[in-house]
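Fold and contact review
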Amino acid sequence: MADETRPAFAAERRERILELVRANGAMALREIASRVRASEVTVRRDVRALESEGLIDRRRGGAALPGRLGYEQSYSQKSGLAAPEKLAIAAAAARLVEDDDAVVLGAGTTTEALARELVGRQNLTVVTNSLLVAEVLASAPGVEVVMTGGTLRGPIRALVGTAAEQSLAGLRVRQAFVSGNGVTAERGLSTPNPAVASVDRALVNCAQEVVVLADHTKVGADTMVQTVPPEHIAHLITDNHADPEVLMTLEDMGTLVHVAVLEVDRGE
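As annotated in an unreviewed UniProt entry, the chain carries the name HTH-type transcriptional repressor GlcR and comes from Streptomonospora litoralis.

Set out below in structure tokens:
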């Protein structure tokens, strides 16, 4: 009887995996395994089977919809993905920011979380194209917010375009904190949208050094448009579920990697 029921169970599990990937666009194997209550070895086998049917694409440490290089999730999808990891990353990133500093914060759910960590800072100037970052810091008495101009891009709640890029010309800050949809040792930080990539490049060009914030679902992922080449990433802040092989390769290339350990994983 066990042999007769195993194929049905595998089919049900693979259907669930397909539903998860379709809902999120891309997911790490570890997260999929947790959601379907199976081992990563089993999930890797399922993903391989689904890829052979052309339903999803495998990537290092995860799975994605076919054509993921051009896929952009909605802001609500991004907000719900790896939320505890993003909070841990934001707390680690905030330790790099000092009072009397001037920094850039790009658009994204992780930079929005970082903004919340900076509310109590004194004499801090934050340059941003993110409406949500600006809203978080609007009532912070010790923080001056400088916003770019530009055209509103709804999916990321941020300003893009020529006006945004021109408004950044001539500015100089110590650090730029930026996120994206993928980071690899081969291409660095990337995003699916050319307009977003263009304004992100303008943001990092204002800074003496670039800090990339990327949770484990993004580490090892590669999307269509390069934002920051790997050799220009001074710091990468990620979580303890990220692919160690990618992290070690980036470290070998000169990036200082900071790993934020989740509370639930402390003591393991």
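So much for the structure itself; the text now carries on.
Moving on to the overall build of the chain. Each helix and strand in the chain was counted, giving 10 helices and 15 strands. For the chain, with 268 residues in total, the buried portion stands at 54%. Taking the contacts inside the chain whose residues are at least 6 apart along the sequence as the reference set, 62% of them involve residues at least 24 apart. Approximately 12,100 Å² of the chain is accessible, and the part contributed by carbon and sulfur atoms is 50%.

Most often, soluble globular proteins have nonpolar side chains that are buried together. Leu105, Leu114, Leu118, Val126, Phe177, Leu213 and Ile237 are the most contacted members of the largest nonpolar core, which has 27 residues in total. Secondary structure elements with two or more residues in this core: helix 5 (83–94), strand 4 (102–105), helix 6 (109–117), strand 5 (124–128), helix 7 (131–137) and strand 12 (207–213). Looking at which element gives the most residues to this core, the answer is helix 5, with 6 residues. For Ile237, the residues in contact, after removing those within four places along its chain, are Ile89, Ala92, Ala93, Leu96, Val211, Val212, Leu213, Ala214 and His258. The next biggest cluster of nonpolar side chains, apart from the first, holds 26 residues, and it includes Ala207, Ala214, Val228 and Ala242.

Cut-off values and rules
Residues numbered from 1 in each chain as written. Predicted model: local features only at pLDDT ≥ 70, side-chain atom pairs only at ≥ 80, totals over all residues. Heavy atoms only, no water. Helix = DSSP H or I, 4+ residues; strand = E, 2+ residues; numbered from the N terminus. Buried < 20%, exposed > 50% of the residue type's maximum accessible area, 1.4 Å probe, protein only. Contact = heavy atoms within 4.5 Å. Areas by Shrake-Rupley, 256 points an atom, 1.4 Å probe, with all protein chains shown as cover. Core = buried A, V, L, I, M, F, W, Y, C linked by side-chain atoms within 4.5 Å.

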